[in-house]
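# Structural overview
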Amino acid sequence: MFSHFLRKIEDHFIKELPFVVYRKGGQDEITAVFQTENKLHHLKNYRESGFVFAPFNDDKSPIVLKTDEVRKINHPIKPSGPYQKVQHPKIDEKQKNFHLNLIEKGMKEIQRGRLKKVVLSRALEVNNNQKPLVLFTELLVLYPNAFCYVWYHPKVGMWLGATPETLLQLENRKLTTMSLAGTLPVVKDKVPLWGLKEREEQHLVTEFIAGTLRDRVDDLQVYDTKSVRAGNLWHLQTSVLGTLKEDGLEDIIRGLHPTPAICGFPQSLSKDFILANEGYDRTYYAGFLGELNFEKHMDRSAHSKNQENKAYRSIKKTTHLFVNLRCMKLRGEKAILYMGGGITKDSIPEREWRETRDKSATMLRVLQANNN
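The structure reproduced in this document is the subject of the present report.

## Some words on the overall build of the chain
What the chain contains, in helices and strands, is 7 helices and 18 strands. Each of the three principal axes of the chain carries a C-alpha extent, and together these read 65 × 50 × 45 Å. Across the 372 residues that make up the chain, the buried fraction comes to 52%. Contacts in the chain between residues at least 24 apart in sequence constitute 74% of all its contacts with a sequence separation of at least 6. On the chain, roughly 18200 Å² of surface is accessible, and the fraction owed to carbon and sulfur atoms is 48%.

So this is what it looks like as C-alpha cells:
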C-alpha cells in the first residue's frame, strides 16, 4: 500500500539517512532509493552506479546516493482539476530592482558581443508549514508529466522538484536528449504564439546540443521543434537522438552541462558571468539529477522460437538524468524557490521579470495546495 511505502520513507528521514523518491513523467511507478549510512559520497567517474545529484557549477563534484535498497510501487494518481490561482508573495522591490539591473547588465554584455545569451535567475524565500512527503504527493498530483522528486541527505538538505527537462537518457548506447527553451503562460483554449526572441533562443540551444554531440555520437538526428506544456507554462522542445561511441558518457555530460537553456552561450563566459553577478549561490538549482548506470532487467520475448531462451532475462544499463528546474530547497519552516530566464539581445527586462514570477507559480502552487 502507498501509505506503507510513505511510512518507510518517513522512518528513513527520522533516522537522518539519505534517500530519494521519484516518479518519471507520464508513469505510475514510484521509485525510492535508500542509502543505509549517512556518508556523503562524491562521484568519482561516470562508470559508477547510483542516483546522482549534481550542482549547477560543474567545477564541484556531484553527490551520488548508493542504491543500498530500492523499492518500487505502482500507484496511479489522479491528476488534479483546473489549476488553482496562486497567491504570489508581496514583491520585494529591492530584489526586483536587483534582478532588473542584472538583466540590463547581461544585455550590455550581449550588445558588446561577449555573450549571445545568458540565463539569469533569482531565489525566493517563502514560509512553509507542510511536511516534505505531503509536498511530494502534491507534486505527483499537480504535475503528472514532469519528473517529480524529493531528495534528502542530512549533510546537504532537502530538495523537491517537478522538472520538465531531460538532460539525457541512455539505454546501452542509444542516447536521447532535448533542447528546451522559450516560455509562455498557458491561456485557456489558445495555442502559444512564439515570437522571434523565443525561437532564436530555442535555435541557439538546439545548435549547441547538436554541435556538442556531433563528434561524440553516431547517427545524430535532430527532430522538428514542437510546443510542449509543463504545468501552467508552454515551452519549445526539440528532441535529439544518437548512438553513443564507446565509453563516451562522461565526455558528453561534461560537454552538455550546463546547457545554454540554464546557463547561456558561449558556455564558459556565461557561466563566469552568472557566478560573478547573480548575487547568490545556485548550488543544485539548474544542476542535474537521476539514475546513473542502473540495471534494467528485460524479459526475453514470449514469442521466441527458442524455448530455452524464455527462461533467461537480458540486462540493460540505463542512465536517465534530468535538469533540476522548478525546484525548491526546504530549510526549517522556509522554502527557497528558484526561477530564471534566458536573456538575449531582444529581451525586455520587465517582461523577463514577469517570466520568473510565472515560473515561481509551479512551486508556490504546491506549497499552497492544502491552503485553498
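The discussion continues.
## A short note on helix H4 (residues 196-214)
Residues that lie three or four places apart on an α-helix share one face, since the helix turns once every 3.6 residues. Its 19 residues place the ends of H4 26 Å apart at the C-alpha level, agreeing with the 27 Å of an ideal helix rising 1.5 Å per residue. Every buried residue of H4 is listed here: Lys197, Glu198, Glu201, Gln202, Leu204, Val205, Thr206, Phe208, Ile209, Ala210, Thr212 and Leu213.

## So, the pairing of strand E1 (residues 19-23)
Counting buried positions along E1 gives 5 out of 5 residues, so the element sits mostly inside the fold. Burial along E1 is two-sided: Phe19, Val21 and Arg23 and Val20 and Tyr22, pointing in opposite directions, are all buried. Pairing of E1 with strand E7 (residues 147-153) involves 5 bridges; the strand directions are antiparallel. Counted as the bridge partner of Phe19 is Tyr152 from E7. Both E1 and strand E2 (residues 29-34) contribute to a ladder of 5 bridges, which runs antiparallel. By the bridge assignment, Val20 is partnered in E2 with Val33. Between the antiparallel neighbours E1 and E2 lie 5 residues, among them Gly26 with a positive phi of about 80°.

## Observations regarding the pairing of strand E13 (residues 233-244)
Of all 12 residues making up E13, 10 are buried, and the element is well covered by its neighbours. Two elements, strand E10 (residues 174-185) and E13, share 10 bridges in a ladder whose sense is antiparallel. Note that in E13 the partner of Leu175 across the bridge is Gly242. In this sheet, E13 lies alongside strand E11 (residues 217-222) in antiparallel orientation, the contact comprising 4 bridges. Among the inter-strand pairings, Asp218 is bridged to a residue of E13, identified as Thr243. Linking two consecutive strands that pair antiparallel, namely strand E12 (residues 226-230) and E13, is a turn of 2 residues; a positive phi of about 65° is found at Gly231 within it.

## Focus: the pattern of salt bridges
Under the defined criterion, the tally for this structure stands at 23 salt bridges. Notably, a salt bridge pairs Glu350 with Lys96, separated by 3.0 Å at the nearest N-O pair. You can see Glu350 sitting in helix H7 (residues 349-367) and its partner Lys96 sitting in helix H2 (residues 93-111), a full 254 residues away along the chain. For Lys96, a relative accessible area of 13% gives the class buried. A salt bridge links Lys197 to Glu201; the nearest nitrogen and oxygen atoms lie 3.3 Å apart. Taken together, the residues Lys197 and Glu201, both in helix H4 and 4 residues apart, mark about one turn of the helix. Looking at Lys197, the relative accessible area reads 11%, which means it is buried. On the accessibility criterion, Glu201 (6% relative accessible area) is buried. Through salt bridges that share partners, Lys117, Lys197, Glu201 and Glu352 make up one connected network.

So, how was this worked out
- Throughout, residues of each chain are indexed from 1 in the direction in which the sequence is written.
- Reporting in this predicted model follows two pLDDT cut-offs: at least 70 for local features of residues, and 80 or more for side-chain atom pairs to be given and counted; totals over whole chains, interfaces and linings ignore these cut-offs and use all residues.
- Only heavy atoms go into the side-chain values, all of them from the structure, while hydrogens and water stay out.
- Helix numbers and strand numbers start at the N terminus; a helix is a DSSP run of H or I with at least 4 residues, a strand a run of E with at least 2.
- Remark: exposure states derive from per-residue accessible area (1.4 Å probe, protein chains only) relative to the maximum for the residue type, with buried under 20%, exposed over 50%, and partly exposed in between.
- Pairs of residues are marked as contacts when any of their non-hydrogen atoms sit within 4.5 Å.
- Using a 1.4 Å probe, accessible areas were evaluated by the Shrake-Rupley method; residue-level cover was limited to the displayed protein chains.
- A helix is expected to span 1.5 Å multiplied by its residue count minus one.
- Being paired, for any two strands, means DSSP has found at least two bridges between them.
- When a carboxyl oxygen of Asp or Glu lies within 4 Å of a side-chain nitrogen of Lys or Arg, that pair is called a salt bridge.

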